[in-house]
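Coordinate analysis (summary)
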Amino acid sequence: MWLLALAILSINPFSKVLNIDDKGRPLVRIGLATGVGEVLVSGSGLVLRDPDGSMKVAGAGEWKVRLVSSEPGTARWWVGVSYTDRDQVDGYVVNERGFVMNLGGMMLDLRRRIVSLGPYSSRREALRVLGQQKKLNEYAFLYSDVVQRPEGIFEARSSSSTVRGRALAFTALRGVTVKGKGFSGTYPGTVYVLLDIRGRLVVVNELPLETYVRGILPGELFPSAPMEALKAQAIAARGQVLSKIGARHLGDPYHLCASVHCQVYKGLASVHSRTSSAVKKTTGLVLVDSHGHPVDTVYSAACGGHTEAAHRVWDGPVVPYLTGRFDLTGRRPALNLTRERDIRTFIMSPRYRGACSRKGVYRWTVRIPLSFMDALVRKLGAGRKFRRMRVLSRGNSGRIMELLITGDGGDTVLHGELTIRRRLGGLKSSMFVWDRTRDALILHGGGYGHGVGMCQWGAIGRARAGWDYRRILKFYYPGSRLVRIY
Ligand SMILES: [Zn+2]
Ligand SMILES: [Zn+2]
């Protein structure tokens, strides 16, 4: 009887601790779809398992899976606004989430402190608060703690048999094919059909971390990139997966979702031989900081000649290896990019060649009609006519972090590089200066993305210049070192 109980425990889907397979490799759970009414499951040598019991059914053909009945669980909801290393932040609750686990002799510390508002007893109330916070900070997010798990019964039906269970698990020789409304794909490892906190059907794929990294890498960097850049990217992607576990989807029955929110994942459909080779050659390699903690290996497309500081972008603690540095092929210039005069020189002068020098990415120009700015002023409640804008602060790379917009009805401040990019019509980055003409603002900008951590075009440039992946990673995450965790 206790063996049975263990089987149930090992798939407590709301636990964020990673399961380990029989070869000692960590397994990650990816949420593929939520709220789908009915799914079709097939695969060669498909095995259907009811994880509540020991039943095994070797199923040929296609299985139709649906939810027979369910009771939602209960949760407490929070709105996260940033991360911190402090115990207390005035006016907020500081919640510690995540876990510590031993992986290959290394203590993987995936705990973090979230600066939060709440708790709220309903999702609706939390969503309302999230909406207010998003106006100020695009990085605000919703999370929850499960108080009581949902309950339900699933039914899987093939042409010859029917299986019922509180959760279902499918495995197949060459991947499990799942089709539902709005999604379909073939997935390695195990495909679970589970309940989310609201009592809805969720499709979850559990697979080895390495296999997952193989699946997502082609979406992170194009497979024809130099091999050393692909290897650096594989290690950075692996690190990103680890650092997101226990920080995202805290109230969901999986670690990460399969959309852009976490990382686009399409199962076996997207693997490519060159990116898979880069993953294989770096199997189990993870970057750690001076304390032995996994490095938060963030990256973006192009820094524009200077990488940005993490704490300026995400409003968290200072991260020693993510404070920003020049990413140039030549000498380090004596410029302070937080100053208006210096950032203008840096962007406008052709003298400064970035490792990420690429047409349309390293430097760009955008024209914003004043009529667009008038509309923005109205949206922000600062009157009807745009008067002017002024930079209140820039990050270390020169990305604007606070922008004062003045309309004929008053002032508004846009906070954060992502908010500024989105409000101004979807800019590549907030590293820009501008000139005003009679009817428009002409923006002269640099870089693509938030600019924190590894610069992907820079990594490509450096790989082409003969750098190996170790040197590339050391450059973009200074003070870090590589360890093999399995
Ligand atoms: Zn997600
Ligand atoms: Zn760069």
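Report follows, based on the coordinates.

**Notes on the overall build of the protein chain**
- Secondary structure assignment for the protein chain yields 11 helices and 30 strands.
- In summary, the protein chain has a C-alpha radius of gyration of 24 Å against a globular reference of 23 Å for 486 residues, a match within 12%.
- C-alpha extents for the protein chain along the principal axes are approximately 75 × 55 × 40 Å.
- Each of the 486 residues in the protein chain was classed as buried or not, and the buried ones make up 55%.
- Put simply, 69% of the contacts in the protein chain that link residues at least 6 apart link residues at least 24 apart.
- Accessible surface computed for the protein chain: about 21900 Å², of which carbon and sulfur atoms make up 50%.
- Looking at charge distribution, the protein chain has the averaged site of its 72 positive side-chain charges lying 7 Å from that of its 38 negative ones.

**Regarding the coordination of the zinc ion (ligand 2)**
- Here the zinc ion (ligand 2) is held by the protein donor atoms Cys303 (SG), Asp327 (OD), Cys356 (SG) and Cys455 (SG), which lie 2.2 to 2.4 Å from it.
- Of note is the zinc ion (ligand 2), whose four donor atoms meet at the metal with angles of 101 to 128° in an arrangement that counts as tetrahedral.
- Considered as a linear motif, the donors of the zinc ion (ligand 2) on their single chain read C-x23-D-x28-C-x98-C. Remark: Cys455 occurs in strand 29 (residues 454–455) and Cys303 occurs in the loop between strand 22 (299–300) and helix 6 (310–314); sequence separation between them is 152 residues.

**Some thoughts on the sheet that holds strand 28 (residues 440–446)**
- Here we have three strands laid out as an open sheet, ordered 23-28-27, and antiparallel in their pairing. With partners counted over all chains shown, the strands left at the sheet margins are strand 23 (363–369) and strand 27 (432–436), one partner each. Averaged over all neighbouring strand pairs, the angle between strand axes comes to 20°, with direction disregarded.
- When strand 23 meets strand 28, the two strands line up antiparallel, connected through seven bridges. Across the sheet, Arg363 pairs through a bridge with Gly446, a residue of strand 28.
- Set on the sheet, helix 8 (residues 370–379) makes contact with strand 23, strand 27 and strand 28; between it and strand 23 the angle comes to about 70°.

**Overview of the packing of helix 10 (residues 456–464) against helix 11 (residues 469–476)**
- In contact at an axis separation of 10 Å, helix 10 and helix 11 are set at 140° when each is read in the N-to-C sense. Between helix 10 and helix 11, the angle falls in the class oblique. Note on packing geometry: the crossing formed by helix 10 with helix 11 is right-handed. Contact residues: helix 10 offers Gly458, Ala459, Arg462 and Ala463, while helix 11 offers Ile472, Phe475 and Tyr476.
- When grouped by side-chain class, the residues that make up the contact of helix 10 with helix 11 number five nonpolar, one polar and one charged.

**Quick look at the coordination of the zinc ion (ligand 1)**
- The protein atoms that coordinate the zinc ion (ligand 1) are His249 (NE2), Cys257 (SG), His261 (ND1) and Cys262 (SG), at distances spanning 2.0 to 2.3 Å.
- Bound by four donor atoms, the zinc ion (ligand 1) shows angles of 100 to 120° at the metal and therefore tetrahedral coordination geometry.
- Positions of the donor residues of the zinc ion (ligand 1) along the chain correspond to the pattern H-x7-C-x3-H-C. Assigned by exposure class, His249 and Cys257 land together as buried.

**What to know about the nonpolar core**
- Counting residues in hydrophobic clusters, the biggest one holds 111 residues, and the most contacted among them are Phe170, Met454 and Tyr477.
- Per-element tally for this core: the top contributor is helix 4 (residues 227–244), with 10 residues.
- Apart from residues lying up to four places away in sequence, Phe170 is in contact with Val41, Leu46, Val47, Leu48, Trp63, Val65, Val176, Gly189, Thr190, Val191 and Val193.
- Counting residues in hydrophobic clusters, the runner-up holds 21 residues, among them Ile368, Ile400, Leu427 and Leu443.

Reading the values: rules and limits
- Residues numbered from 1 in each chain as written.
- Chains lettered and ligands numbered in written order.
- Predicted model: local features only at pLDDT ≥ 70, side-chain atom pairs only at ≥ 80, totals over all residues.
- Heavy atoms only, no water.
- Helix = DSSP H or I, 4+ residues; strand = E, 2+ residues; numbered from the N terminus.
- Rg over C-alpha atoms; globule rule 2.2 N^0.38 Å.
- Buried < 20%, exposed > 50% of the residue type's maximum accessible area, 1.4 Å probe, protein only.
- Contact = heavy atoms within 4.5 Å.
- Areas by Shrake-Rupley, 256 points an atom, 1.4 Å probe, with all protein chains shown as cover.
- Lys, Arg positive; Asp, Glu negative; His and termini not counted.
- Charge placed at Lys NZ, Arg CZ, Asp CG, Glu CD.
- Donors = N, O, S within 2.8 Å, 3.2 Å for Na, K, Ca; no water.
- Tetrahedral: all angles 85-135°; square planar, octahedral: opposite > 155°, others 65-115°.
- Pairing = 2+ DSSP bridges.
- Axes fitted to C-alpha atoms, helices over the stretch in contact; angles between N-to-C directions.
- Parallel < 35°, antiparallel > 145°, perpendicular 65-115°, else oblique.
- Left-handed = near helix turned anticlockwise from the far one by under 90°.
- Nonpolar A, V, L, I, M, F, W, Y, C, P; charged D, E, K, R; others polar.
- Core = buried A, V, L, I, M, F, W, Y, C linked by side-chain atoms within 4.5 Å.

Scope: geometric values only; no functional claims are made or implied.
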